[in-house]
Amino acid sequence: MSIANFIPEIFGAGILKERDAVNVAVANCNKSWEGQIKQKGDRVRITSVGDVAIKTYTRNTDIDAPDEASDASTWLEITEEEYFNVAVDNVDKAQASEDILSELKRKAGIGLATAQDTFVLGKYTEAGETLTQGALTSANIIGELGKILRAFQLKNVPEGTRIKLEVSPYVALKMLYAKIIKDTDNSAILRTGKIGEFMNMDIYVTNNVTMSGSGETVLSHCLARTQDAITFAEQFTKIEAYTPEKRFSDAIKGIQVYGAKVIRPKELIHLAFTCAAETTI
């Protein structure tokens, strides 16, 4: 028996299932344009209208001529193309070992998801605002979260809009120390990366946040955003099994092609948080 003969479609579906389970940043994106990307090609034009002026009305007086409607447009482009290609020698033995195949699917899924999430979280450079804290601790983390909510309120983000907060493990630890995370559903954490919620914010932890430094002074480029801030589209993903011509082995290869665009920069806040050592814990 070979990899190519044990229904590669099912094996490929398993890899994609593993990937989707690991995705955090991609899951928090708007995917409403994905259908058009798949139909039209490598990019789609996204059009939005400008603000509408509100004027004072005076009775028995002619109103102004209608304003010319303004619009703005941007392109959502497919820019990323990534693949994996792995061979398994002595396939009959591998087929008999469920652990080997399960681990292969898991690692491939994690790799695909990590690439996508890292790309999306790298969009912090296009955020409409940056909030900085050079010495984040459990003592000041609540104040920093309050600043995030205030920033969204000042931008007239509708009340009740859920904010997605994606943080590194270093920042998440400060939240745990401050005992502000109330959700303890461990199964949900494993499935979605969501570790809890606080003040109308859904909090997610991921290693794919851009980080620099070491020890207790790690700088994390976290994101606070609405679901509509970043649009993500996947053009196609293909997984297939095959037999390398010059090897006594079978292999699995896969490719994913996708792109992401910051559509509403005012609804994307970059959080430059440098963690500091705790003095009271």
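In this text, all values refer to a predicted model and were calculated from it rather than measured experimentally.

Helix and strand counts for the protein come out as seven helices and 12 strands. The 281 residues of the protein split such that 43% are buried. Here the contacts in the protein between residues at least 6 apart in sequence split such that 79% fall between residues at least 24 apart. With the model as given, the accessible surface of the protein reaches about 15800 Å², and the carbon-plus-sulfur share is 51%.

Once that is clear, we can look at the side chain of Thr-231. Along the chain, Thr-231 turns up in strand β10 (residues 230-242). Given the relative accessible area of 1%, Thr-231 is considered buried. Once residues within four sequence positions are removed from consideration, Thr-231 is found in contact with Asn-30, Trp-33, Leu-76, Gly-259, Ala-260, Lys-261 and Ile-263.

Okay, unusual backbone geometry next. Although it is not a glycine, Met-199 adopts a positive phi angle of roughly 50°. Of note in this structure, Asn-200 is not a glycine but carries a positive phi near 70°. Among the structural elements, Asn-200 can be located in the loop between β6 (194-198) and β7 (201-205).

The buried count for strand β11 (residues 249-262) comes to 11 of 14 residues, which makes it a mostly enclosed element. Here strand β3 (residues 80-89) runs beside β11; their pairing, made up of 10 bridges, is antiparallel. If you follow Asp-89 over to β11, its bridge partner there is Ser-249.

Evaluation of the coordinates by the stated rule reveals 18 salt bridges. Close ionic contact of Glu-126 with Lys-123 constitutes a salt bridge, the shortest N to O distance being 3.4 Å. Looking at Lys-123, the relative accessible area reads 11%, which means it is buried. A salt bridge links Glu-197 to Lys-194; the shortest N-O distance between them is 3.4 Å. Glu-197 sits in the partly exposed class, given a relative accessible area of 41%. Among the charged side chains, a network of salt bridges with common partners joins Arg-162, Lys-164, Lys-194, Glu-197 and Asp-202.

What follows concerns the sheet that holds β10. The sheet built from three strands is open, its strands ordered β3-β11-β10 with antiparallel pairing. Where the open sheet ends on each side, the last strands, each with one partner, are β3 and β10. Sheet twist, expressed as the mean angle between neighbouring strand axes with direction ignored, is 15°.

So, on to the side chain of Glu-234. Within the secondary structure, Glu-234 sits in strand β10. Given the relative accessible area of 12%, Glu-234 is considered buried. There is a polar contact of 2.6 Å between the side chain of Glu-234 and the side chain of Arg-19. At 2.8 Å, the side chain of Glu-234 forms a polar contact with the side chain of Thr-237.

Taken as a whole and judged by the stated rule, the model has two aromatic pairs. A ring pair is formed by Phe-119 and Tyr-258, whose centres lie 5.8 Å apart and whose planes are at 75°; its orientation type is edge-to-face. In this pair, Phe-119 is assigned in helix α4 (residues 98-121) and Tyr-258 in strand β11, connecting sequence segments 139 residues apart. Aromatic ring contacts, followed pair by pair, group Phe-119, Phe-232 and Tyr-258 into a single cluster. In this structure, Arg-43 packs its charged tip against the face of Trp-75, placed 3.8 Å from the ring centre. For Lys-253, the ring lying beneath its charged end belongs to Tyr-242, and the centroid distance is 4.6 Å.

About the criteria used
- For every chain, the first residue of its written sequence is number 1, and the numbers climb from 1 along that sequence.
- pLDDT decides what is reported in this predicted model: residues at 70 or higher carry local features, side-chain atom pairs at 80 or more are listed and counted, and totals for whole chains, interfaces and linings draw on all residues regardless.
- No hydrogens and no water enter the side-chain calculation; it runs on all heavy atoms of the structure.
- The secondary structure listing takes helices from DSSP runs of H or I that are at least 4 residues long and strands from runs of E that are at least 2 residues long, numbered from the N terminus.
- Exposure classes here rest on a 1.4 Å probe applied to the protein chains alone. A residue is buried below 20% of its type maximum, exposed above 50%, and partly exposed in between.
- Contacts are assigned to residue pairs that have any heavy atoms within 4.5 Å of one another.
- Residue burial considers only the protein chains on display, and all accessible areas are found by Shrake-Rupley using a 1.4 Å probe.
- Strands pair, by our definition, only if DSSP identifies at least two bridges between them.
- When a carboxyl oxygen of Asp or Glu is within 4 Å of a side-chain nitrogen of Lys or Arg, the pair counts as a salt bridge.
- Here an axis means a line fitted to C-alpha atoms, over the contact stretch when the element is a helix, while the angle between two N-to-C directions is reported on a 0 to 180 degree scale.
- Whenever a nitrogen or oxygen atom comes within 3.5 Å of another N or O atom, the pair is scored as a polar contact, on the condition that within protein one atom can donate a hydrogen and the other can accept it, and that pairs from neighbouring residues in sequence are kept only if both atoms are in side chains.
- Any Phe, Tyr or Trp ring, taking Trp's six-membered ring, that has another such ring centre within 6.5 Å forms a pair; planes under 30 degrees apart are called stacked, those over 60 apart edge-to-face, and the others tilted.
- Throughout this description, the term charge over a ring refers to an Arg CZ or Lys NZ atom that lies within 6 Å of the ring centre and within 35 degrees of the ring normal.

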